[in-house]
Amino acid sequence: MRLSERLSEKFHKEGLISDEEKEIIQFGLESLEGNLAGVILTILVGIIFGAIREAMLFYVWFLPLRKSIGGFHADTKIKCLLASAMALAMACTLFTMFRYQGIIYLICGGIFVIFIFFVAPVDNPQKKFDALEQFVYRKRSRIVLLGEGTLFAISYYNSWDVITVSLCMTFFVAAVSLLLGILKNIRHSQRDSKS
């Protein structure tokens, strides 16, 4: 039994929550577990690559963008955490270990932002978007992207390197997630057409 299940069960037995609240509390605790694991993993990857500030800012920028763009979803939470750690490690390798001239960040960030703008959102085989969801998530993703893209341009102009690099990492991982999500959808639809 997971910690979230044990805690919600304990709260229920002690009369702190009702039957109706038990599922909601359990869902909230599971979300908290996932977010905490994500933060810990982000800190560890940041420490390993000597880019703790960039990694933590990446987490701040990536969370709202990821919630609106969709993209690749792993089958289990463990696989999700591992995929996230690998993506962050790849971003750290590309954008923090190799310190480029600023123009490289601008070009890369610009390409990723344009890609995300035109491709997002990407659904997944388990949860297909209907027309309304597609519209809402596209609008939301573009609003978040506009805000983060503007911050990216301002940070580049003012030579705020940590912010520029962390946003470039964010756009890179988001673009990779979208690309992998598209490939997974193609593979899934090919499998369905063969059956």
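Read on for a plain summary of the structure. (Residues numbered from 1 in each chain as written. Predicted model: local features only at pLDDT ≥ 70, side-chain atom pairs only at ≥ 80, totals over all residues. Heavy atoms only, no water.)

Focus: the overall build of the protein chain
Rules: Per the convention used, a helix needs a DSSP run of H or I reaching at least four residues, while a strand needs a run of E reaching at least two, with both numbered from the N terminus. Partly exposed describes any residue whose relative accessible area lies between the buried limit of under 20% and the exposed limit of over 50%, with all areas from a 1.4 Å probe on protein chains only and scaled to the type maximum. Residue contacts are counted whenever heavy atoms from the two residues lie within 4.5 Å of one another. For the accessible areas, the method is Shrake-Rupley and the probe is 1.4 Å, while residue cover comes only from the protein chains on display. Working convention for charge: Lys and Arg count positive, Asp and Glu count negative, and His plus the chain ends are omitted. Working definition for charges: the position is that of NZ of Lys, CZ of Arg, CG of Asp or CD of Glu.
For the protein chain, the helix and strand inventory stands at seven helices and zero strands. The order of helices and strands in the protein chain, counted from the N terminus, is α-α-α-α-α-α-α. Out of the 195 residues in the protein chain, the part that is buried amounts to 35%. A fraction of 70% describes how many contacts in the protein chain between residues 6 or more apart in sequence connect residues 24 or more apart. Carbon together with sulfur atoms contributes 69% to the accessible area of the protein chain, which is approximately 11700 Å² in total. Between the mean site of the 21 positive side-chain charges and the mean site of the 17 negative ones, the protein chain shows a separation of 8 Å.

Regarding the nonpolar core
The test is simple: Put simply, buried Ala, Val, Leu, Ile, Met, Phe, Trp, Tyr and Cys residues joined by side-chain atoms within 4.5 Å make one nonpolar core.
Ranked by size, the top nonpolar core spans 32 residues in total, and within it Leu65, Ile69, Phe95, Ile116, Met169, Phe171 and Val173 carry the most contacts. Elements supplying a minimum of two residues to this core: α3 (52-69), α4 (77-97), α5 (102-119), α6 (131-157) and α7 (161-194). Sort the elements by how many residues they give to this core and α7 lands first, with ten residues. Setting aside chain neighbours within four positions, we find valine 173 in contact with Phe58, Phe62, Ala87 and Ala91.

Concerning the environment of alanine 55
Position of alanine 55 among the secondary structure elements: in helix α3. Classification of alanine 55 by relative accessible area gives buried; the value is 0%. Discounting chain neighbours no more than four positions away, the residues touching alanine 55 are Thr42 and Gly46.

Details of the packing of α5 against α6
When two helices pack together, their arrangement is captured by the angle between the axes and the distance separating the axes. Put simply, the rule is: Note on method: axes are straight lines fitted to C-alpha atoms, helices fitted across the in-contact stretch only, with angles between N-to-C directions ranging 0 to 180 degrees. Should an angle fall under 35 degrees it is called roughly parallel, over 145 degrees roughly antiparallel, and 65 to 115 degrees roughly perpendicular, with every other angle called oblique. Charged means Asp, Glu, Lys or Arg here, nonpolar means Ala, Val, Leu, Ile, Met, Phe, Trp, Tyr, Cys or Pro, and polar covers whatever is left, Gly included.
Where α5 contacts α6, the two axes come as close as 10 Å, and the packing angle between them is 170°. Taken together, the axes of α5 and α6 are roughly antiparallel relative to one another. Residues Gly102, Ile103, Tyr105, Leu106, Gly109, Gly110, Val113, Ile116, Phe117, Phe118 and Val119 of α5 pack against Arg138, Arg142, Leu145, Phe152 and Tyr156 of α6. The residue makeup of the contact of α5 with α6, split by class, is eleven nonpolar, three polar and two charged.

Structural notes on the environment of isoleucine 143
Following the sequence through the fold, isoleucine 143 ends up in helix α6. Remark: the alpha-carbon pair of isoleucine 143 and valine 173, spanning 30 residues in sequence, is separated by 18 Å.

Points about unusual backbone geometry
The omega torsion across alanine 120 and proline 121 is 0°, close enough to zero to call that bond cis. Note that proline 121 resides in the loop between α5 and α6. Despite not being glycine, serine 159 shows a phi value in the positive range, around 60°. Here serine 159 shows up in the loop between α6 and α7. We classify serine 159 as exposed; its relative accessible area is 52%.

Focus: α3
In plain terms, the rule: To estimate how far a helix should reach, multiply one less than its number of residues by 1.5 Å. We define the bend at any residue as the angle between the axes fitted to the seven residues before and including it, ending there, and the seven starting there.
Here α3 spans 25 Å end to end across 18 residues, near enough to the 26 Å set by a 1.5 Å rise per residue. Where α3 bends most, the angle comes to about 35°, and this point is phenylalanine 62, followed within four residues by the proline proline 64. Buried within α3 we find Glu54, Ala55, Phe58, Tyr59, Trp61, Phe62, Leu65, Arg66, Ser68 and Ile69. Once α3 ends, the next one or two residues include glycine 70, with phi positive near 75°.

Observations regarding the packing of aromatic side chains
We apply this condition: Centres within 6.5 Å are what make two rings of Phe, Tyr or Trp a pair, Trp counting through its six-membered ring; a difference in plane orientation under 30 degrees is then read as stacked, over 60 as edge-to-face, and the rest as tilted. Only when the NZ atom of a Lys or the CZ atom of an Arg is both within 6 Å of the ring centre and within 35 degrees of the ring normal do we say a charge sits over the ring.
For the structure on display, the rule yields eight aromatic pairs. Between phenylalanine 58 and phenylalanine 62, the ring centres sit 5.1 Å apart and the planes meet at 15°, which makes this aromatic pair stacked. One end of the pair, phenylalanine 58, and the other, phenylalanine 62, are both in helix α3, four residues apart, so they sit about a helical turn from each other. For phenylalanine 58, a relative accessible area of 6% corresponds to the buried category. Among the aromatic side chains, those forming a connected cluster through ring pairs are Phe95, Tyr105, Phe112 and Phe172. Stacked on the ring of phenylalanine 117, the Lys or Arg arginine 142 has its end atom at 4.0 Å from the ring centre.

Everything listed here is a matter of coordinates, which is why it stays silent on function.
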